[in-house]
Amino acid sequence: MLKSIGHKIQNSQLFCHKYWEYLNKNKENLIRPRDRLDFTDANKVILGFRCPSDYTKFISSLIIKHNDLIQRLFSKKLNSEITLWRGIPQNLNAPGHVKSLYKKCINLKKGDILYMPEFSFWSKKRNYSFERAIKSLQANSGILYELRLPKGYELYTNFYPILPRASKFRCIENKKVKGIKKNYEYNLIKLEILPRDVKY
């Protein structure tokens, strides 16, 4: 037999209501990430850069959830379309999975879907990202991503724009561009953002 809930109980706030009310009133007092190192630590686990202990896994999962929450609370809707850039050098000493990811991106074709499982760091300045793309003096190539975000997109910025983990993109164009360094060329990959498959 079902027992009806009394009027007094129905009108009382549940814990989750109090929690979100507190967060909404105290956004600026929340423990925000000190800097992008919190996101970098989370990326180490997401991308499998290390095999952490159970304790570290637990702490890292908290960092990931914390970063998700921070992005939800502090993202701001764009008043107009903007262009973001991301540079990736060809790192000859990178781990195997990084090299394979680089090779996959180099060969992207128009219409291909690119998935970035990590919290990805971007820049509003093309020159800064281009310097990142040619960082390795031993390499003869790099990748420069160009991404246009539409008006109304909710963007989180902490020193630099950081896109949510598990972001998806469609390749619009991938072309080789000659660099100013002798025998150097890079791939300019233009991307379009797509809806994510996962929620926070």
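Refer to the preceding data block for the structure.
Once a new chain begins, its residue numbering starts again from 1 and follows that chain's sequence as written. Residue-level local features of this predicted model are given only where pLDDT is at least 70; pairs of side-chain atoms are given and counted only at 80 or more, and the full residue set underlies all totals for whole chains, interfaces and linings. No hydrogens and no water enter the side-chain calculation; it runs on all heavy atoms of the structure.

Q: Help me understand the packing of aromatic side chains, please; the structure alone is not making it clear to me.
A: Remark: the centre distance and the inter-plane angle together describe each pair of aromatic rings, the angle taken between the planes. Working definition: a ring pair exists when centres of Phe, Tyr or Trp rings (six-membered ring for Trp) sit within 6.5 Å. Plane angles under 30 degrees give stacked, over 60 give edge-to-face, the rest tilted. Under the counting rule described, the total for this entry stands at six aromatic pairs. Seen in terms of ring centroids, F39 and Y156 are 5.8 Å apart; in terms of plane orientation they differ by 35 degrees. Their pairing is tilted. Of this pair, F39 sits in helix α3 (residues 37-46) while Y156 sits in strand β6 (residues 154-158), and the two are 117 residues apart along the sequence. Relative accessibility decides the category of a residue: with a 1.4 Å probe and only protein chains considered, values under 20% of the type maximum give buried, values over 50% give exposed, and everything between is partly exposed. The class of F39 is buried, set by a relative accessible area of 0%. Summarising the aromatic geometry, the rings of W122 and F169 are spaced 6.0 Å apart at their centres and angled 45 degrees between planes, so their arrangement reads as tilted. Residue W122 is located in the loop between β4 (120-121) and α6 (126-133), and its partner F169 is located in strand β8 (residues 167-178); the two are separated by 47 residues in the primary sequence. Runs of E in the DSSP output that reach at least two residues are strands. Runs of H or I that reach at least four are helices, and both are numbered from the N terminus.

Q: Can you help me understand unusual backbone geometry in this one?
A: Glycine aside, residues mostly have negative phi angles, and peptide bonds mostly take the trans form. Positive phi, close to 75 degrees, is recorded for F159, a residue that is not glycine. Relative to the assigned elements, F159 resides in the loop between β6 and β7 (160-163). With a phi angle near 65 degrees, A166 is a residue other than glycine that sits in the positive phi range. Within the secondary structure, A166 is located in the loop between β7 and β8. Taking the relative accessible area as the measure of exposure, A166 reaches 6% and is therefore buried.

Q: What's the story with the sheet that holds β7 in this structure? I'm lost.
A: For sheets, the rule is that strands pair by backbone hydrogen bonds, running either parallel or antiparallel. Here, any two strands with at least 2 DSSP bridges between them count as paired. In spatial order, the strands read β1-β6-β7-β4; together these four strands make up an open sheet with antiparallel pairing. In this open sheet, the two edge strands, each paired with only one partner strand, are β1 (76-77) and β4. Pairing of β6 with β7, which is carried by three bridges, proceeds in the antiparallel orientation. Residue pairing for β7: T157 is matched across the bridge by P161.

Q: Would you take a moment to explain the environment of S120 for this structure?
A: Structurally, S120 can be placed in strand β4. According to the relative accessible area criterion, S120 is buried, its value standing at 0%. Separated by 34 residues in the primary sequence, S120 and R86 have C-alpha atoms spaced 8.6 Å apart. In this description, contact between two residues means that some pair of their heavy atoms is separated by no more than 4.5 Å. Filtering out sequence-adjacent residues up to four positions away, S120 remains in contact with R86, P161, I162 and L163. A distance of 2.8 Å separates the side chain of S120 from the side chain of W122, its partner in a polar contact. Counting of polar contacts relies on pairs of N or O atoms within 3.5 Å, with two restrictions inside protein: one atom must be capable of donating a hydrogen and the other of accepting it, and residues adjacent in sequence are counted only when both atoms are side-chain atoms.

Q: Just to check I follow, could you spell out the pattern of salt bridges for this structure?
A: Close approach of charged atoms allows side chains of opposite charge to pair. The term salt bridge refers to a side-chain nitrogen of Lys or Arg lying within 4 Å of a carboxyl oxygen of Asp or Glu. Scanning the model with the defined rule gives seven salt bridges in all. In this structure, R86 engages E118 in a salt bridge whose closest nitrogen and oxygen atoms are separated by 3.1 Å. Of this pair, R86 sits in strand β2 (residues 82-89) while E118 sits in the loop between β3 (113-116) and β4, and the two are 32 residues apart along the sequence. For the pair shown, R86 and E118 are each scored as buried. Across the pair K190 and E173 runs a salt bridge whose closest N-O atoms are separated by 3.5 Å.

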